[in-house]
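# Commentary on secondary and tertiary structure
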Amino acid sequence: MTKEPVVDVYPAGEPDYAVPPGETIREFLDELGMSQRQLAVRLGLTAKHVNQLIQGLVPLSPEVAQRLELVTGMSARMWNRLEADYQSARQRLRHRGDMAELTAWLAELPVSDLVRRGDLPAEPDDPRDRVHQLLMFFGVANVSTYRELYEAPALDFQRTRAPGARPGAVATLLRLAELKARDISCDPYSRQGLEASLDKLRQLTLQPPGVLLPLMRDICARNGVAVVIVPDFADTHVKGMTRWLSADKAMVALSTRHDSAGELWFTFFRAIHQVLKHGRSKSMVWIHDGRPGADPREREADAFARDLLIPPDQAAALDSLDGPDEVRRFADRIGVAVSVVTARLPGKARMRGKHAREIDFSEFCPA
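This structure is a prediction, so every number in the text was calculated from the model and none was measured. (Residues numbered from 1 in each chain as written. Predicted model: local features only at pLDDT ≥ 70, side-chain atom pairs only at ≥ 80, totals over all residues. Heavy atoms only, no water.)

A few words now on the packing of helix H2 (residues 36-43) against helix H3 (residues 47-55). Interhelical geometry of H2 versus H3 gives an angle of 110 degrees and a closest axis separation of 8 Å. Our classification of the angle between H2 and H3 gives roughly perpendicular. The way H2 lies across H3 gives a crossing that is right-handed. Every residue of H3 that contacts H2 at Gln 36, Arg 37, Leu 39, Ala 40 and Leu 43 is listed here: Ala 47, Val 50, Asn 51 and Ile 54. Here the residues of the contact of H2 with H3 sort into six nonpolar, two polar and one charged. (Axes fitted to C-alpha atoms, helices over the stretch in contact; angles between N-to-C directions. Helix = DSSP H or I, 4+ residues; strand = E, 2+ residues; numbered from the N terminus. Parallel < 35°, antiparallel > 145°, perpendicular 65-115°, else oblique. Left-handed = near helix turned anticlockwise from the far one by under 90°. Contact = heavy atoms within 4.5 Å. Nonpolar A, V, L, I, M, F, W, Y, C, P; charged D, E, K, R; others polar.)

With that settled, the discussion passes to the packing of aromatic side chains. Per the counting criterion, the structure on display carries nine aromatic pairs. Geometrically, the ring pair formed by Trp 265 and Phe 268 is edge-to-face, given 5.6 Å between the ring centres and 90 degrees between the ring planes. Within this pair, Trp 265 and its partner Phe 268 are both found in helix H14 (residues 261-277), separated by three residues, close to a single helical turn. In terms of burial, Trp 265 and Phe 268 fall into one category: buried. Ring pairs connect the aromatic residues Trp 105, Phe 137, Phe 138, Tyr 146 and Tyr 150, which therefore count as one cluster. Looking at Arg 243, its charged tip hangs above the ring of Tyr 150, at a distance of 5.4 Å from the centre. (Phe/Tyr/Trp six-rings, centres within 6.5 Å; stacked < 30°, edge-to-face > 60°. Buried < 20%, exposed > 50% of the residue type's maximum accessible area, 1.4 Å probe, protein only. Lys NZ or Arg CZ within 6 Å of the ring centre and 35° of its normal.)

Attention now moves to the sheet that holds strand S1 (residues 225-230). In spatial order, the strands read S1-S3-S2-S4; together these four strands make up an open sheet with mixed pairing. Only two strands of the sheet have a single neighbouring strand rather than two, namely S1 and strand S4 (285-288). Between one strand axis and the next, the sheet turns by 20 degrees as a mean value, whatever way the strands run. Pairing of strand S2 (residues 240-246) with S4 involves four bridges; the strand directions are antiparallel. Of the residues in S4, the one forming a bridge with Gly 240 is His 288. Lying on the sheet, helix H10 (residues 167-182) is in contact with S1, S2, strand S3 (249-255) and S4; it crosses S1 at an angle near 130 degrees. (Pairing = 2+ DSSP bridges.)

What follows is about the state of the cysteines. Inspection of the entire model under this criterion finds zero disulfides. You can see Cys 186 has no disulfide; the closest cysteine sulfur is in Cys 220, sitting 8.7 Å from it. Residue classification places Cys 186 among the partly exposed positions, given a relative accessible area of 24%. (Disulfide = S-S within 2.5 Å.)

We now examine empty space enclosed by the protein. On inspection of all chains with the given rule, the structure shows two cavities of 30 Å³ or more. Here the largest cavity defines a volume of roughly 60 Å³. Taken together, 10 residues form the lining of the largest cavity, with Arg 161, Arg 270, His 288, Glu 298 and Asp 302 sitting closest to its centre. Within the residue set of the lining of the largest cavity, elements represented by two or more residues are H14 and helix H15 (296-309). Looking at the lining of the largest cavity element by element, the count peaks at three residues for H15. Its residues placed into classes, the lining of the largest cavity shows one nonpolar, four polar and five charged. Its volume calculated, the second largest cavity comes out at about 40 Å³. Forming the walls of the second largest cavity are Thr 242, Arg 243, Trp 244, Gln 274, His 278, Gly 279, Met 284 and Trp 286. When residues of the lining of the second largest cavity are assigned to their parent elements, the largest contribution, three residues, is made by S2. Its residues assigned to classes, the lining of the second largest cavity comprises three nonpolar, four polar and one charged. (1 Å grid on protein atoms, 1.4 Å probe; cavity = no way out; pocket = protein on both sides within 12 Å on 5 of 7 lines; lining within 4 Å. Points joined across faces, edges and corners; volume = space filled by probe spheres on them.)

Spelled out as structure tokens, the structure:
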């Protein structure tokens with residue numbers, strides 16, 4: 001029989017935090033190496049519902065407690081108690097803090113988009129509940145921690161790369177990417193293995209999205225990199241993001257802002273270069289808008305992606321390509337997709353349409 005964990009009873013001094021039962025679920029998953037999606041299958045719930053349980057966005061019902069008992073071996077009574085303690089602490093904490101400041105914070109974030117997409121529940125929707133939901137969504141205890149972990153990188157991106165970007169939307173996109181990446185099981189990071197896989201990854205440009213994305217994820221996951229594609233928000237200007245989630249796991253996120261598959265591949269290999277070359281600090285976040293950067297490290301990443309996809313000794317021929325047939329023959333000769341070549345051609349000769357392979361992101365991000 002599985003031994004149940006000891007559940008601490010709050011002491012007389014009231015804590016200034018509320019821990020949802022989802023934290024215990026997360027510990028169970030980490031201990032067994034099980035993904036949220038796998039747990040959802042065992043519980044007979046949707047993956048979205050399990051994700052919201054873990055984040056504390058929806059209550060843990062008695063029915064779910066019974067299912068968790070069967071799957072985890074921990075009694076339904078224990079799960080119900082965790083939920084009751086959490087709701088009690090949550091109710092107490094609702095009366096703390098400066099609600100004027102917290103309500104202003106809500107206006108910075110794309111709350112309606114998160115609700116529409118199902119990342120936040122539709123109800124309850126009063127400001128106090130929304131503040132609590134968003135603190136849980138970002139996994140932080142207060143707004144100042146949110147600003148340090150998510151808004152600071154977003155503001156830096158806005159100042160240096162995309163003056164028109166909304167920091168709150170960029171920060172939210174970064175968090176969504178993290179949450180998706182956390183559910184991807186990865187082997188420990190291997191720089192040597194990732195470098196050895198570059199040619200295989202390049203060859204995937206020739207595959208359709210339904211084939212290439214699972215293969216891309218598998219190759220990268222075997223080398224400690226979780227690759228995710230996240231639906232974009234308005235006013236982010238983000239095409240890609242790179243962040244270390246731990247010392248042994250990196251995240252590469254691609255947004256749906258790309259115009260063509262060729263541009264997406266350039267963003268992907270820029271991000272891979274930053275994983276390979278710029279350390280494993282969790283505080284280091286790279287956010288890309290698809291344009292050449294001023295930072296020497298960004299220019300280095302641009303050159304890496306450009307030269308990997310189209311070797312320098314072949315790139316000289318780009319200027320002389322005349323018409324779709326020559327573009328296709330050139331792409332076949334160097335072993336990449338036509339869209340990769342058209343992404344490098346001068347603006348008026350990009351030859352989009354069927355030759356540039358515009359992306360249907362429903363193939364990458366199925367409903």
